[in-house]
Structures are given as structure tokens and as C-alpha cells.
Amino acid sequence: MDIHYDAIIIGAGMAGLTAARKIAEAGKKVAVLSRGLGTTNMSTGAIDLLGYAQNKLVLNPEDEIRNLIRTSPKHPYAILGNGDDKKALEIVKDSIKDFLKITNMAYVGDTAQNIVLSNYFGTYRPSCIIPLTMRHGNLLELTDAKLMAVGVRGYAEFNAKFFAKSLHYVVNSFLRQTTTNEVVPKEITIPSLGKDKDITSIEIAEALDTEEAFSRFLEQLKELITEVDVDAVVVPAILGYKNWVKNHTILEKELGVPVFECLSLPPSVPGQRLQQILENAANDIGVEIHRGLQVLSAHIENNECKTLETVSDIYRQTFKADVYVLASGSFIAEGLYFDGNKFYEPVFNLPVHRDNRNNFSERRLESGNHRIAFAGIQVNQAMKPIAQNGDVLTNLFAAGSILANYDYISEKSGLGVALTTGYLAGVNANNSL
Ligand SMILES: Cc1cc2nc3c(=O)[nH]c(=O)nc-3n(C[C@H](O)[C@H](O)[C@H](O)COP(=O)(O)OP(=O)(O)OC[C@H]3O[C@@H](n4cnc5c(N)ncnc54)[C@H](O)[C@@H]3O)c2cc1C
């Protein structure tokens, strides 16, 4: 049976769930259709706004976004304010304020300041709006500090000894600080897992949500901290799914020093927590999230989207709404395809904008600033995509990593662009109803 909604969102990542929430907050009936988990779930959970500009580390994202809007008028941040940097920054700030509210103080950050965080390899990444559990991990403030890096026996992804060596080298060489820091590697066990090899971050985080495993974890850390005098403790991103904030608060209180999680690789517990925060917030205001459902095609008449055809493991279904938001992600989430010759946007058959100067198939292995990263769909200032005939579809909006003209990998702006464009697409879609 056809189901009619006020708005349908394609994609359940940062962009789609943010847009869905903005429309549902206005009392509208909203559905999110999602084939599966996208890159939001894989991310480190830290929201990058703008980490690099002209290959230089950005310390104040607000200032650099202003510059970017002047120098790259097609960048999604420029589209936010239709070229007006003040308006764009207002939307950036509003969307972040809105996001921070749904995290219930589990995230912190300031759009005028990047925080330089370390990852499992001891290298670093500038980010802006970050989980509370990472706030004491700003490497720029830890150059004099003596740190203890604590790994878990059997959890091979985070090797405390390697991390310690690498972090020490990275901080002193690349961040070009004059002082040195010291990192002492240690290891603990999680006895309740009943094994001492092939342990995953997911298993540890689930275990640390239980009181028993967490208290054993805490006991061991307390013992370690009496052996060495340190200024802060760094752990991999494992502090739980449900109790991560509470566990972190207890650790800092009981150990008497700052404790921080570092950025992890997929599968990333903080990325999964972020996905959960976004889904819970959408559910709480009545958004229906339909998982395992792929949107195959759209039925369009006179530049208006009428219905969506979907397929799941079990059946095909038609969905109908007054307005639609396309937030199906980029190549990894399969919102876009590239077969070596041709780019596709599979649902609406929107033209995929790209830089024609490059032969993508010959430059497949090029690293950093690869022009394929700029490929995507183009939108007008209302966040409406431009169709093949050059017109816009009157009731379609788009947001997130499906957008063209920016490279989130080299400039470190992924979740920032998804959040801010998702917010604006949601607001505009709602206003059009
Ligand atoms: C490994 C990795 C780590 C990253 N780490 C960070 C980080 O630490 N900080 C940061 O700021 N950025 C990071 N990024 C970038 C960031 O994750 C993305 O830019 C951002 O999550 C994109 O959000 P989105 O909502 O646009 O898309 P996604 O989160 O990818 O969501 C797309 C959604 O669309 C759905 N979908 C696609 N096609 C269809 C269809 N036909 N029908 C139904 N559903 C469909 C997908 O299933 C998915 O639910 C990282 C990216 C990767 C790959």
C-alpha cells in the first residue's frame, strides 16, 4: 500500500537524520529510508568543520570558512549563505547548537577553535565538535605533559607501545613544539571477555557498559597510576556505548587526572555512538526510520517528484511525500557511483558534476586532493539539486557528502558539511511545505 508523508529523507547519516529532525520538529510526518549504515557510523565520531586550508592546519575554523567562502564560491559552506559569509556562519553555528542540544552535553566544541586529536597511530587530526571523552586530548595543550597510554591485552588495533613512540615523535616533529612530551605505554585486561586475543573494540565497549567489567577496568587503572606519576591517561575509544560519559566521569574522578579517548579506525565505537545519538533524537520526535530499504528510483512529472520505488529483502514498496531530501552519501555509501568511465546518481539520475580536466580512471591511485573527491551533485542556494535538463526539481532538496565541489578528505570537513547542509535542507524543505 502507498504511504503518504509530508517529507521523505533518503539516507540515515548525519545529513539525512539532521534534515529529518528539523522537519519533524515542526510537527510534520517524516520518514527516513535507509539501505544501511553509511560513513557517519564509520567516522571517528568527532565532527570536523574545517581542518586544513591550502594544506595548512586550521586553528580557527570560523576565520577559514570565511576565507573559503570568498575563494571557493561553489563550496557547500558558501552555498549555505548564498555567498554571504555572515549568513553562512550563522547557519553553521545554529546547526551546531542544535546538534549539541541533542547530545545532552556529551559533545563539546567551539566553532572558533579546532582541537588537535591523536589517533591510534599516534598521528593527529584537527577536529572541532568532539565527544566529551576526547576533550582533554588536545595535543597542542599536551606538549609538556607526561601521558600514560593504556591498551587492552588482546585488542591488537591499539598497540600502546607503538602509539607511545609514534605520538612522541609526531608531537615533537610535526606540530613543531619546542617542548617534548613523554608517553608511558601500559596494558590492562578485560577478564569478563574470557579471551586474551582477537578482541574487538565493540566487545570491549559492550563489556564496559556493565558494572562488573568497568570496576575491574578502573581497579587496574588505579593500580597503574600509583606506579607512574602522569599528567593524563589516554585510552583507545572503548569506554562503552550506553555508559561512556558516566564511565569517563568516574575515571577522571577516581584517577585524579584528565583521561581521554583517542580517535579510532572503523569499526569506530564513537562513530556508532554518534549514529545512535542521531537516530534516537529523530525517533524521539516521531521520525520513522525504515532500515534495510533501498530507494531504487523516483517517479518525476513536470519537474516534481511524485513517488519513490523501494526494495527490501522481502518486498517492493512505493512511498509518497510532498517533499523529499536526498542525503544518500557519496561513493562509499553508494549515493554516487563511478564505474571507471561514468558517474551516476542512481535514484533521480541527477547529473554528477566533476572536474573534466582529469582522467579519473588513470589517476585512481593518486593520493590527497584527488579530483574525484570533488564530484557530486550541484545544488542551488535553496539546496535544490540541478537536474539533467538544467532545471531544479521543485520538491527535492539535497545535503551531505553527495554534494559536489569540496574534498572532505583533504580539508577535513566531512561531518561538518553533512550537519550544516542537512540542517539547512531540513529547514528549507519544511518551509516549502
Ligand atoms: C572511514 C571514515 C572516517 C571518517 N571520519 C570522519 C571524522 O572523524 N570526522 C568527520 O567530520 N568526517 C569523517 N568522515 C567523513 C564523514 O563520515 C562523512 O562526510 C559524513 O558522515 C557524510 O554524511 P552523510 O549523511 O552525507 O552520508 P552517510 O553517513 O554516508 O549516509 C548515507 C546514507 O544513505 C543511505 N543510502 C545510500 N543510497 C541509498 C538508497 N538508494 N536508498 C536508501 N538509502 C541509501 C546509506 O545507507 C546511508 O544511510 C569519515 C569518513 C570515512 C569513510
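Conventions used here
- Residues numbered from 1 in each chain as written.
- Predicted model: local features only at pLDDT ≥ 70, side-chain atom pairs only at ≥ 80, totals over all residues.
- Helix = DSSP H or I, 4+ residues; strand = E, 2+ residues; numbered from the N terminus.
- Rg over C-alpha atoms; globule rule 2.2 N^0.38 Å.
- Buried ≥ 20, exposed ≤ 12 C-beta atoms within 10 Å, placed from the backbone.
- Contact = placed C-beta atoms within 7 Å.
- Near = placed C-beta within 6 Å.
- Nonpolar A, V, L, I, M, F, W, Y, C, P; charged D, E, K, R; others polar.
- Core = buried A, V, L, I, M, F, W, Y, C linked by C-beta atoms within 7 Å.
- Domains from an automatic or database assignment.
- Pairing = 2+ DSSP bridges.
- Axes fitted to C-alpha atoms, helices over the stretch in contact; angles between N-to-C directions.
- Parallel < 35°, antiparallel > 145°, perpendicular 65-115°, else oblique.
- Left-handed = near helix turned anticlockwise from the far one by under 90°.

**Q** How should I be thinking about the overall build of the protein chain in this particular structure?
**A** A count of helices and strands for the protein chain gives twelve helices and 19 strands. The C-alpha radius of gyration of the protein chain comes to 22 Å, within 12% of the 22 Å expected for a compact globule of 433 residues. Principal-axis analysis of the C-alpha atoms gives the protein chain an extent of 75 × 45 × 40 Å. Here the protein chain holds 433 residues, and the buried ones make up 47% of them. Expressed as a percentage of contacts within the protein chain between residues at least 6 apart in sequence, the contacts between residues at least 24 apart total 69%.

**Q** So what exactly am I meant to see when it comes to the environment of Ala15 here?
**A** Relative to the helices and strands, Ala15 resides in helix 1 (residues 14–25). With 97 residues separating them in the primary sequence, Ala15 and Ala112 have C-alpha atoms 22 Å apart.

**Q** I tried to follow the site of the ligand on my own but got confused; where do I start?
**A** The ligand sits among 39 residues. The nearest are Gly11, Gly13, Gly38, Gly400 and Gly414. For the shell around the ligand, the secondary-structure elements that each account for two or more residues are helix 1, strand 2 (30–34), helix 2 (39–42), strand 14 (294–301) and helix 12 (414–431). A breakdown of the residues in the shell around the ligand according to their chemical character gives 18 nonpolar, 18 polar and three charged.

**Q** Where do I start with the nonpolar core in this structure?
**A** Most often, soluble globular proteins keep nonpolar side chains buried together rather than apart. Counting residues in each nonpolar core, the largest one holds 128 residues, and the members touching the most others are Val325 and Ala398. No other element matches the nine residues that helix 12 contributes to this core. For this core, the two domains that each supply at least three residues are domain 1 (3–45 + 273–431) and domain 2 (120–264). When neighbours within four sequence positions are excluded, Ala398 is seen to be in contact with Val325, Leu326, Ile377, Val379, Met383, Pro385, Leu403 and Ala425.

**Q** So what exactly am I meant to see when it comes to the domain arrangement of the protein chain here?
**A** The accessible area lost on association of the parts is a frequent measure of interface size. Under the domain assignment, the protein chain is made up of domain 1 (3–45 + 273–431) and domain 2 (120–264). Taken together, the contacts link five residues of domain 1 with eight residues of domain 2.

**Q** Help me understand the sheet that holds strand 11 (residues 232–235), please; the structure alone is not making it clear to me.
**A** Whenever strands of a sheet pair, they do so through backbone hydrogen bonds, lying parallel or antiparallel. Reading across the sheet, the four strands line up as 10-9-11-12 and stay open at both edges, with parallel pairing between neighbours. Here the strands that pair on one side only, and so sit at the sheet edges, are strand 10 (182–188) and strand 12 (259–261). Averaged over all neighbouring strand pairs, the angle between strand axes comes to 25°, with direction disregarded. Where strand 9 (residues 146–152) and strand 11 come together, three bridges link them in parallel fashion. Directly across from Ala149, in strand 11, lies its bridge partner Val234. Its contacts with the sheet put helix 8 (residues 211–227) on strand 9, strand 10 and strand 11, and the angle it makes with strand 10 is roughly 140°.

**Q** Any chance you could explain the packing of helix 1 against helix 12 here in plain terms?
**A** Two quantities define a packed helix pair, namely the angle between the axes and the distance from one axis to the other. Here helix 1 crosses helix 12 at 30°, and the two axes come no closer than 7 Å. Put simply, helix 1 runs roughly parallel to helix 12. Remark: the crossing between helix 1 and helix 12 carries right-handed chirality. Seen from helix 1, the contacting residues are Met14, Ala15, Gly16, Thr18, Ala19, Ala20, Arg21, Lys22 and Ile23; seen from helix 12, they are Leu415, Ala418, Leu419, Thr421, Gly422, Tyr423, Ala425, Gly426, Val427, Ala429 and Asn430. Residue composition of the contact of helix 1 with helix 12, by class: twelve nonpolar, six polar and two charged.

**Q** Even after reading the chapter, I still don't get unusual backbone geometry, so can you show me in this structure?
**A** With the exception of glycine, the majority of residues adopt a negative phi angle, and the majority of peptide bonds are in the trans configuration. Here the amide bond leading from Pro266 into Pro267 is cis, since omega sits at -5°, within 30 degrees of zero. Within the element layout of this structure, Pro267 appears in the loop between strand 12 and helix 10 (269–284). At Gln54, a residue that is not glycine, the phi angle is positive and equals roughly 45°. Of note, Gln54 is situated in the loop between strand 3 (52–53) and strand 4 (56–57). Backbone geometry places Lys412, a non-glycine residue, at a positive phi of 55°. Looking at the element boundaries, Lys412 is found in the loop between helix 11 (408–411) and helix 12. According to the C-beta neighbour criterion, Lys412 is buried, with 24 such atoms within 10 Å.

**Q** For this particular structure, what's the right way to read the pairing of strand 6 (residues 115–118)?
**A** A regular strand carries its side chains on alternate faces of the sheet. Two elements, strand 6 and strand 7 (residues 124–127), share four bridges in a ladder whose sense is antiparallel. Of the residues in strand 7, the one forming a bridge with Ile115 is Ser127. Hairpin connection, strand 6 to strand 7: the antiparallel pair is bridged by five residues, and Gly122 has positive phi, about 80°.

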